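Analysis of the macromolecular model
For reference, the chains in residue letters:
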Amino acid sequence: MPDGADTAMPAEADPYVLNVKDLKTVFRTRRGEVHAVNNVSFKLKAGELLGVVGESGSGKSVTMMSLIRLLPMPPAEIRSGSVEFGDVDLMQISEAQMRAIRGPRIGMVFQDPMTSLNPVFNVGFQLMEPLRKHMGMSKSAARARSIELLELVGIPDAARRLKDYPHQFSGGMRQRVMIAIALACDPEVLIADEPTTALDVTIQAQILELVKELRQKLGMAIVWITHDLGVIAGIADRVMVMYGGQVVEEAPVRELFSNPSHPYTRMLLETIPSISGDRAERLQVIQGQPPMISRDPDSCAFLDRCPHAFDRCGRENPLLRSVGADGHNAACFWDRVDANA
Amino acid sequence: MLDATPNIQTGRKLVEVRNLRMYFPIHTGLLRKHTGDVKAVDGVNFDIYEGETLGLVGESGCGKSTCGRAILRLYDPTSASIKIDGTELAWANDDARKIDAHARRAARMSTYAVLIAGVTLLALLAVQFEAMANIRVVFAGALALSLLAILTFFMVRKHLRTTRAAAAGISLSDFAPSERDLRRLRPTMQMVFQDPQASLNPRMTVAGIIGEPLSEHTKLNSTKRNERIYELMDAVGLNRDFANRYPHEFSGGQRQRIGIARALALNPKFIVCDEPIAALDVSIQAQVVNLLEDLQEKFGLTYLFISHDLSMVRHIADRVAVMYLGKIVELAPRDDLFADPLHPYTKALLSAVPEPDPASHDTAERVILQGDVPSPSNPPEGCNFCTRCPSVMDICRLEDPEMNEVRPGRFVACHLHT
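Treat the numbers as computed from the prediction; the structure is a model and nothing was measured.

**Here we look at the overall build of chain B**
Secondary structure summary: chain B contains 13 helices and 12 strands in total. Long-range contacts, defined as pairs at least 24 residues apart, comprise 66% of the intrachain contacts of chain B with a sequence gap of at least 6.

**Some remarks on the overall build of chain A**
For chain A, the count of helices and strands is 13 helices and 12 strands. The C-alpha extent of chain A, read off along each of the three principal axes, is 65 × 50 × 45 Å. Expressed as a percentage of its 341 residues, the buried residues of chain A come to 45%. Relative to all contacts within chain A whose residues are 6 or more apart in sequence, the contacts with residues 24 or more apart total 65%.

**Structural notes on the interface of chain B and chain A**
On the side of chain A, 37 residues touch chain B, which itself brings 33 residues to the contact. Listing elements by their share of the side of chain B that touches chain A, those giving two or more residues are helix H9 (282-299), helix H10 (310-316), helix H12 (344-352) and helix H13 (358-363) of chain B. Looking at the side of chain B that touches chain A, the element that brings in the most residues is H9(B), giving 6 residues. Grouping the amino acids of the side of chain B that touches chain A by side-chain chemistry returns 17 nonpolar, 9 polar and 7 charged.

**Notes on the sheet that holds strand E8 (residues 221-226) of chain A**
Residues and elements named next belong to chain A. With respect to topology, 8 strands assemble into an open sheet ordered E6-E7-E8-E3-E9-E10-E12-E11, the strand pairing being mixed. Across the chains shown, the open sheet's two edge strands, defined by having one partner strand only, are strand E6 (106-109) and strand E11 (321-324). The average angle at which neighbouring strand axes cross in this sheet is 25°, direction not considered. Bridge analysis of strand E9 (residues 238-243) against strand E10 (residues 246-252) gives 6 bridges, and the strand direction is antiparallel. Considered in E10, the bridge of Val239 is made with Ala251. Contacts from helix H7 (residues 171-183) reach E6 and strand E7 (189-193) within the one sheet, and its direction differs from that of E6 by about 170°.

**Examining the environment of A:Ser41**
Residues and elements named next belong to chain A. In this fold, Ser41 is placed in strand E2 (residues 32-45). Remark: the alpha-carbon pair of Ser41 and Lys24, spanning 17 residues in sequence, is separated by 9.5 Å. For Ser41, the residues in contact, after removing those within four places along its chain, are Val20, Lys21 and Asp22.

**Quick word on the confidence of the model for chain B**
All names here are of chain B. Considering every residue of chain B, the mean pLDDT works out to 86; 97% of them sit at 70 or more. Between residues 1-9, whose pLDDT stays under 50, and residues either more than four places distant or in other chains, the model counts 14 contacts. Interface predicted TM-score (ipTM) for the complex: 0.75; the corresponding pTM is 0.81.

**What to know about the pairing of strand E11 (residues 404-407) of chain B**
Residues and elements named next belong to chain B. Note: E11 against strand E12 (residues 410-412), 3 bridges, orientation antiparallel. For Glu405, the partnering residue across the bridge sits in E12 and is Phe411. With antiparallel pairing between neighbouring strands as the criterion, E11 and E12 make up a hairpin whose turn holds 2 residues, including Gly409 at a positive phi of roughly 80°.

**Some details on the environment of A:Val247**
Along the chain, A:Val247 falls in strand E10. When residues no more than four places from it in sequence are discounted, the contact partners of A:Val247 are A:Val40, A:Phe42, A:Met240, A:Met242, A:Leu320 and A:Ala331.

**Here we look at unusual backbone geometry**
A:Met73 connects to A:Pro74 through a cis peptide bond whose omega is -15°. Of the consecutive residues A:Pro74 and A:Pro75, the connecting peptide bond is found in the cis state with omega at 10°. Its identity as a non-glycine residue notwithstanding, B:Glu275 has a phi of 45°, on the positive side. Checked against the element boundaries, B:Glu275 lands in the loop between strand E7 (270-274) and H9. Looking at B:Glu275, the number of C-beta atoms within 10 Å reads 20, which means it is buried.

**As for the sheet that holds strand E5 (residues 87-88) of chain B**
Overall, antiparallel pairing links the 4 strands, which are arranged E2-E1-E4-E5 (chain B) in an open sheet. Each edge of the sheet is formed by a strand with only one pairing partner; in this case those strands are strand E2 (33-49) and E5 of chain B.

**Re the nonpolar core**
Core analysis: the biggest nonpolar cluster contains 196 residues, and A:Ala180, A:Val189, A:Val223, A:Trp224, B:Ala261, B:Phe305 and B:Val322 have the highest contact counts within it. The element best represented in this core is H7(A), accounting for 8 residues. Among residues more than four places away in sequence, those in contact with A:Val223 are A:Leu44, A:Leu50, A:Val52, A:Met64, A:Val189, A:Ile191 and A:Ala192.

**Details of the confidence of the model for chain A**
Within chain A, residue pLDDT values average 82, and 94% of them lie at 70 or more. Confidence over residues 1-13 of chain A falls short of pLDDT 50; this stretch has 12 contacts with residues more than four positions distant or in other chains.

**Considerations on helix H1 (residues 60-67) of chain A**
Turn by turn, an α-helix covers 3.6 residues, leaving residues three or four places apart pointing in a common direction. Residues and elements named next belong to chain A. The buried fraction of H1 is high, at 7 of 8 residues. Those residues of H1 not exposed but buried are Lys60, Ser61, Val62, Thr63, Met64, Ser66 and Leu67. Following H1 by one or two positions, Arg69 adopts a phi angle in the positive range, close to 55°.

**With respect to the packing of helix H2 (residues 94-128) of chain B against helix H3 (residues 135-168) of chain B**
Residues and elements named next belong to chain B. For the pair H2 and H3, the least separation of the axes is 8 Å and the interaxial angle reads 155°. Between H2 and H3, the angle is such that the two are roughly antiparallel. Here H2 and H3 pass one another in a crossing that is right-handed. Here the residues of the contact of H2 with H3 are counted per class, giving 17 nonpolar, 5 polar and 7 charged.

Parameters and conventions
- Per chain, residues are indexed from 1 in the order of the written sequence.
- Key to labels: chains lettered from A, ligands numbered from 1, both in the order written.
- At least 70 in pLDDT is required for a residue's local features to be given in this predicted model, at least 80 for side-chain atom pairs to be given and counted, and no such filter applies to totals for whole chains, interfaces and linings, which use all residues.
- Note on conventions: DSSP H or I runs of at least 4 residues are helices, E runs of at least 2 residues are strands, and numbering of each starts at the N terminus.
- Any two residues are considered in contact once their C-beta atoms, placed from the backbone, lie within 7 Å.
- Three classes are used. A residue is buried when 20 or more other C-beta atoms lie within 10 Å of its own, exposed when 12 or fewer do, and partly exposed in between, with C-beta atoms placed from the backbone.
- Any residue that is not Ala, Val, Leu, Ile, Met, Phe, Trp, Tyr, Cys, Pro, Asp, Glu, Lys or Arg is counted as polar, Gly included; the first ten are nonpolar and the last four charged.
- Any two strands with at least two DSSP bridges between them are considered paired.
- Structural elements are reduced to axes, namely lines fitted to C-alpha atoms, with helices fitted over the stretch in contact, and the angle between N-to-C directions of any two is expressed from 0 to 180 degrees.
- Scored from 0 to 100, pLDDT records how confident the predictor is in each individual residue.
- Defined on buried residues, the nonpolar core groups Ala, Val, Leu, Ile, Met, Phe, Trp, Tyr and Cys residues joined through C-beta atoms within 7 Å.
- Roughly parallel refers to an angle under 35 degrees, roughly antiparallel to one over 145, roughly perpendicular to one between 65 and 115, and oblique to any angle outside these ranges.
- Helix crossings fall into two classes, left-handed where the near helix is turned counterclockwise from the far one by less than a right angle and right-handed where it is turned clockwise.

Printed below as a string of structure tokens:
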């Protein structure tokens, strides 16, 4: 685990709230190892919304769960990497210290609001719990703050609804409650794992509006995991594309959509049909299946499905390199500019 | 078929759905009294032309899946006329349905009467004559009685149906086909389900799954059957070598291909695709959609494509129906609907779809709907959409708008367009 942690650690005057370096998570299963996250590094600036896109199994959720240490270990094992959060390395501290960070300083919203809320407690209790545990508030102060939070996320008649149980809320309202709980202690970082995937489009639009509004009011940094490039285009500042447990491309949102560099990103953007503009006769497809990585990668993860693959791609695993301005990086040997010229 | 939109004026109607209602009863209290209905589908009319794909879109709970299942008679609709390829699957007219329901009720009552009378008689005889208390005699009596009861049910029902229908001037062919007749009709209409994990039997091999409709509905011998299975696997792009594997050995996209091969086994004309791509990853979704389009071209299939993904529906459908709370609010050719939606709900739905283009998010005017969909067990008075509609008028809260053809081929149910 301490690999990589001893390299540069300039904690002072760091504009990043979260600095993840070479994170590597492996699952041990009966059929051998699954390398779910392979040397993922990224930085999260204060107040930034980082979108993480990828298909299921690309390691996007596992990366985030590893860095807040929510994965069951075993079978999971974090082989190496460091996560600098303020002046601590989240990989080094004790479980008790971690508990003091998870919740009050790093908030979380999960995909399915029904399974992440406890059905036998009313939402008031679940909202007040972190406030009383972490902030040491009295019952009445916590209650007042809970009402404030529910109003913040747009739940009408907040005071009365505190007594309601999760099943009495609709899907969209439940997700609002989850967001309220995550925001309860004013976290510096909010990790949202597919928070709108289970919701209908009109409700999703409501939640996206709410998040934009909350960012302006509260100014925390958000990591937004999704597989929907449309959602990312609407809210993210910077995007990280993951494939086969690795970051294959990262760029500011406009740069990524106007100038995608990695073949996977390019094909992904061509695959999804749009509701406006020209309608393609046939959908572009990415042939084949995403890979299961069972050992340290020695070739590009996208090799089998890539139309531009050449012999070097099979010999070594490409590292992220700069391909454009504003920190636009891609992990690919193929040179798009040369190929186009 | 993809290049030219089918000529709707001259095309042959393959599926005709009239006044489809599917209510699920709510029973409450100690006596399980019928106190209300969940009106999942409430009066839906549409046609599907041969070779066309009709997209059915809407949010979860709007009744689109129920609608698809009711059309295939996987549910018993509360009322409907459903014609597939000219054959009536439900009640050709509503009087027939009422007569049928009445005849069924009356026949059930007569059966109870026969049973009670028979049991009393048997008991009396057993008390009267000691010889009757013999276990064999009692058993034979009970058997005869059950046969008599079943016979009564069918006789009374048949009699009532014939006499009533004759009195009302309805032909017997207007009645819904029996389960046995339906079974004969099933090969023409098939379904592809949403979750390939749940709709494939984990204990059957791929060959077993694809071959099951063949052994149920055809008399092919095992060689011919295997040939057909291999043919189908080729058609959907599955490797023949995998015929003896089990569903769990496949990925989501391949599992969906197995489901599609099973649906194709009996050469159907009409396939209901119930969210076939919702459970798949984006890169796999495109593969399955392309496969569905290829098969349509190859076998001349007609699809009802149920989905909540508007961008996919825009790609695959020729015409699109938008449902809200059990009713179709707008039905239009695909390009017209996406270019110029008329119903306020369609507008809101389209503007809520996030586009994969950051620039459009800054310029686009969004209609963000407030609130949630009302419960289908207690829909609002007047127009179903009046509680969330941004351009609601007084009349909307009083009168339910009728479906009108506002432009050729474009149907809208809204007071703004009458």
